[in-house]
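Next come the chains, spelled out residue by residue.
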Amino acid sequence: MGNLLTASAKNNKEDTVEFVAERIERRLAETKADIEARIAAMETRLTWRLFAFWIGQAAFFYGLVKVFLAK
């Protein structure tokens, strides 16, 4: 009878560990997907900001050259 209870407890423990491991893996996958989506959105915003920065720099340089060549 003692062996039966020990085996049952061992099976329950293994099932619980397996269930918790699956939950952790699922949660980790969800978190990873969320982080990847946020990084992609941030990269898009950063790309547009860099593009705007370089356009501004080019316009400033063009104006500077135009002023010096006008003299």
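Residues numbered from 1 in each chain as written. Predicted model: local features only at pLDDT ≥ 70, side-chain atom pairs only at ≥ 80, totals over all residues. Heavy atoms only, no water.

Colleague: Hey, could you go over the overall build of the chain for me, with residue numbers and the actual values?
Modeller: Helix and strand counts for the chain come out as one helix and zero strands. Split into buried and exposed, the 71 residues of the chain put 0% on the buried side. About 7,000 Å² of surface is accessible on the chain, with carbon and sulfur atoms providing 67% of the total. (Helix = DSSP H or I, 4+ residues; strand = E, 2+ residues; numbered from the N terminus. Buried < 20%, exposed > 50% of the residue type's maximum accessible area, 1.4 Å probe, protein only. Areas by Shrake-Rupley, 256 points an atom, 1.4 Å probe, with all protein chains shown as cover.)

Colleague: Which residues make up the packing of aromatic side chains, and what values do they have?
Modeller: Applying the stated criterion across every chain yields a total of two aromatic pairs. With a centroid separation of 5.9 Å and 90° between ring planes, the pair formed by W48 and F51 is classed as edge-to-face. Taken as a pair, W48 and F51 lie in helix α1 (residues 2-70) at a separation of three residues, close to a single helical turn. Take W48: its relative accessible area is 58%, and that puts it in the exposed class. Residue F51 is classed as partly exposed on the basis of its relative accessible area of 48%. Aromatic pair F53 and W54: ring centres 5.3 Å apart, planes at 75°, arrangement edge-to-face. The exposure class of F53 is partly exposed, given its relative accessible area of 42%. (Phe/Tyr/Trp six-rings, centres within 6.5 Å; stacked < 30°, edge-to-face > 60°.)

Colleague: How would you explain the pattern of salt bridges if you had to name every residue and give the values?
Modeller: Across all of its chains, the model carries two salt bridges by this definition. With its nearest N and O atoms 3.9 Å apart, the salt bridge here joins R27 to E30. With R27 and E30 both in helix α1 and three residues apart, this pair spans about one turn of that helix. (Salt bridge = Lys/Arg side-chain N within 4 Å of Asp/Glu carboxyl O.)

Colleague: Go over a negative patch on the surface with me, naming the residues and quoting the values.
Modeller: On the surface, a cluster of negative charge is made up of E14, D15, E18, E22 and E25. Examined against the element boundaries, E14 turns out to sit in helix α1. (Patch = residues over 30% accessible without salt bridge, like charges linked within 9 Å, V, L, I, M, F, W, Y side chains within 5 Å. Lys, Arg positive; Asp, Glu negative; His and termini not counted. Charge placed at Lys NZ, Arg CZ, Asp CG, Glu CD.)

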